[in-house]
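So you can see what is in the structure, the chains are spelled out below.
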Amino acid sequence: MPILISISLLLLAFLTGSIPNGFLIARAKGIDIRKHGSGNIGATNVWRVCGRNAGLLCFFLDFLKGLAPSLLAGALLNNLISTRLATLSDTAAAALALAVALAAVLGHMFTPWLGFKGGKGISTGFGALIGVYPVFTLAALVALIAWLIALKLTRMVGISSVLAAAALTVVVVGSHFAPPSLQDTLARFPLYQRATPVHAGFALMLFLLIVYKHRANIVRTIKGTEPKIGQKKPN
């Protein structure tokens, strides 16, 4: 029974993440977002092509489709919804919670409804990690602050997203390897909990996935051709 519930939960997370909100929002305006701007269906390109309100709506909906599966997984694993998943070991429970978060992000990045081409996973990933309480909740908030600072300084969404992912990875991996004396100090902060090897490994894997999805942005940033907020993408 736990195996069947786990598989169903992973499938539900992937299908929820695969909802192409950006494509649907732009299509409602008579626009195929894949043929405009960067061609991406994420909130940034929707904002660029369809305007601020459309972009914010896309971000919010993409955030929710990451958050909802993570919250559902947490409810099942903590027996807020009665199932046998609450009997899993701590390691197995952590692995399942993170697998659900990853499934939602992968659904967004490789949506089957658009030929397995999707967004870059930032909005959905942020929502998914906020829901992995408490280890990734604090790390995701730190990543958001890093993203806002980087965006303010560079005005480039792509590289800001990569730097935010790096900040999240540093927080999670660092919390796992921090010495006991530092652990005692950090434990005084709200939401802090030491990451397990499962959490640290997941953070590294997610960082590499985000770098891969932003590889073109990284190359353009190095060349000095990455468009900034308010600028049109060069032809």
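That block above? That's the structure.
Before going into details, it helps to say that this report is about the structure given with it. Nothing here was measured: the structure is a model prediction, and the numbers come from that model.

**Re the overall build of the protein chain**
A count of helical and extended segments in the protein chain gives 11 helices and 0 strands. Helices and strands in the protein chain line up, N terminus first, as α-α-α-α-α-α-α-α-α-α-α. Expected size for 235 residues packed as a compact globule is a radius of gyration near 18 Å; at 18 Å, the protein chain falls within 12% of this value. Each of the 235 residues in the protein chain was classed as buried or not, and the buried ones make up 46%. Taking all contacts inside the protein chain whose residues are at least 6 apart in sequence as the whole, residues at least 24 apart take part in 62%. Only carbon and sulfur atoms are counted for the fraction: they give 69% of the accessible area of the protein chain, which is about 12,200 Å². If the 21 positive side-chain charges of the protein chain are averaged to one point and the 5 negative ones to another, these points end up 13 Å apart.

**What to know about the pattern of salt bridges**
The tally for this structure, following the rule as stated, stands at 3 salt bridges. Between Glu226 and Arg220 there is a salt bridge whose closest N-O contact spans 2.7 Å.

**Focus: the nonpolar core**
In this structure, Leu129, Ile130, Phe136, Ala140, Leu168, Val172 and Phe202 are the most contacted members of the largest nonpolar core, which totals 27 residues. Among all residues touching Phe202, those that are not within four sequence positions of it are Leu98, Ala101, Leu102, Leu129 and Phe136. Core analysis: the second largest hydrophobic core is formed by 13 residues, Leu9, Ala13, Leu76 and Ala103 among them.

**Description of the packing of helix α5 (residues 90-109) against helix α6 (residues 122-130)**
The packing of two helices is summarised by the inter-axis angle and the distance between the axes. In the contact formed by α5 and α6, the axes pass within 9 Å of each other and the chain directions differ by 165°. Compared by their axis directions, α5 and α6 come out roughly antiparallel. Remark: the crossing between α5 and α6 carries right-handed chirality. Taking contact as the criterion, the partners of Ala101, Ala104, Val105 and His108 in α5 are, on α6, Thr124, Gly125 and Ala128.

**What to know about the packing of helix α8 (residues 157-177) against helix α10 (residues 197-213)**
Direction vectors running N to C along α8 and α10 enclose 165°, while the axes themselves pass 9 Å from each other. Classified by the interaxial angle, the pair formed by α8 and α10 is roughly antiparallel. Of the two possible hands of crossing, α8 and α10 adopt the one that is left-handed. In contact with Ser161, Val162, Ala165, Ala166, Leu168, Thr169, Val172, Val173 and His176 of α8, α10 contributes Pro197, His199, Ala200, Ala203, Leu204, Phe207, Ile210 and Val211. Across the contact of α8 with α10, the residue classes break down as 13 nonpolar, 4 polar and no charged.

**Quick word on the packing of aromatic side chains**
Applying the stated rule across the entire model yields 3 aromatic pairs. Ring geometry for Phe59 against Phe63: centres 6.4 Å apart, planes inclined by 20°, an arrangement best described as stacked. Of this pair, Phe59 and Phe63 both sit in helix α4 (residues 52-77), 4 residues apart, which is roughly one turn of the helix. Taking relative accessible area as the criterion, Phe59 reaches 35% and is therefore assigned partly exposed. For Phe63, a relative accessible area of 15% puts it in the buried group. Ring centres 5.4 Å apart and planes at 45° place the aromatic pair Phe63 and Phe126 in the tilted group. Of this pair, Phe63 sits in helix α4 while Phe126 sits in helix α6; the two residues are 63 residues apart in sequence, bridging distant segments of the chain. By the burial criterion, Phe63 is buried, and Phe126 matches it. An aromatic cluster is present here, built from Phe59, Phe63 and Phe126 joined pairwise through their rings. When the ring centre of Phe110 is taken as reference, the NZ or CZ atom of Lys213 above it lies at 4.9 Å. In this structure, Arg215 is placed above the aromatic ring of Tyr212, and the distance from its NZ or CZ to the ring centre is 4.1 Å.

**With respect to the side chain of Ser161**
Looking at where Ser161 falls in the secondary structure, it is placed in helix α8. Polar side-chain contacts of Ser161 include one of 3.4 Å to the side chain of Trp147. Within the structure, the side chain of Ser161 is placed 2.9 Å from the backbone oxygen of Val157, a separation counted as a polar contact. Those residues in contact with Ser161 that lie beyond four places of it in its chain are Ile122, Trp147, Ile210 and His214.

Basis of the calculations
- Throughout, a residue's number is its position along its own chain's written sequence, starting from 1.
- Residues qualify for local features only when their pLDDT is at least 70, as the model is predicted, and side-chain atom pairs are given and counted only at 80 or more; totals for whole chains, interfaces and linings, by contrast, use all residues.
- Side-chain numbers here rest on the full set of heavy atoms in the structure, without hydrogens or water.
- Each helix corresponds to a stretch of at least 4 residues labelled H or I by DSSP, and each strand to a stretch of at least 2 residues labelled E; elements are numbered beginning at the N terminus.
- Our radius of gyration looks at C-alpha atoms and nothing else; its globule reference is 2.2 Å times the residue count to the power 0.38.
- A simple rule labels every residue: compare its accessible area, found with a 1.4 Å probe on the protein chains alone, to the largest value its type can have, and call it buried under 20%, exposed over 50%, or partly exposed in between.
- Note on contacts: a residue pair is in contact if any heavy atoms of the two residues lie within 4.5 Å.
- Computed with the Shrake-Rupley method and a 1.4 Å probe, the accessible areas treat only the protein chains shown as cover for residues.
- Charged residues are defined here as Lys and Arg on the positive side and Asp and Glu on the negative side; His and the ends of the chain fall outside this count.
- Just so you know, the charge point we use is NZ for Lys, CZ for Arg, CG for Asp and CD for Glu.
- What counts as a salt bridge is simple: a side-chain nitrogen of Lys or Arg found within 4 Å of a carboxyl oxygen of Asp or Glu.
- Throughout, nonpolar core names a set of buried Ala, Val, Leu, Ile, Met, Phe, Trp, Tyr and Cys residues whose side chains join them through atoms within 4.5 Å.
- Inter-axis angles, ranging from 0 to 180 degrees, are taken between N-to-C directions of lines fitted to C-alpha atoms, where helices are fitted over the stretch in contact.
- Any angle between 65 and 115 degrees counts as roughly perpendicular, while under 35 counts as roughly parallel, over 145 as roughly antiparallel, and the rest as oblique.
- Handedness of a crossing follows from how the near helix is turned relative to the far one, being left-handed for an anticlockwise turn of less than a right angle and right-handed for a clockwise one.
- Only Asp, Glu, Lys and Arg are considered charged, only Ala, Val, Leu, Ile, Met, Phe, Trp, Tyr, Cys and Pro nonpolar, and every remaining residue, Gly among them, polar.
- Each aromatic pair joins two rings of Phe, Tyr and Trp (for Trp, the six-membered one) with centres within 6.5 Å, and gets the label stacked for planes under 30 degrees apart, edge-to-face for over 60, and tilted for any other angle.
- Charges are assigned to positions over rings by a cutoff of 6 Å between ring centre and Lys NZ or Arg CZ, combined with an angular limit of 35 degrees from the ring normal.
- Counted as a polar contact is a pair of N or O atoms within 3.5 Å, where, for protein atoms, one must be capable of donating a hydrogen and the other of accepting one, and residues adjacent in sequence contribute only when both atoms are in side chains.

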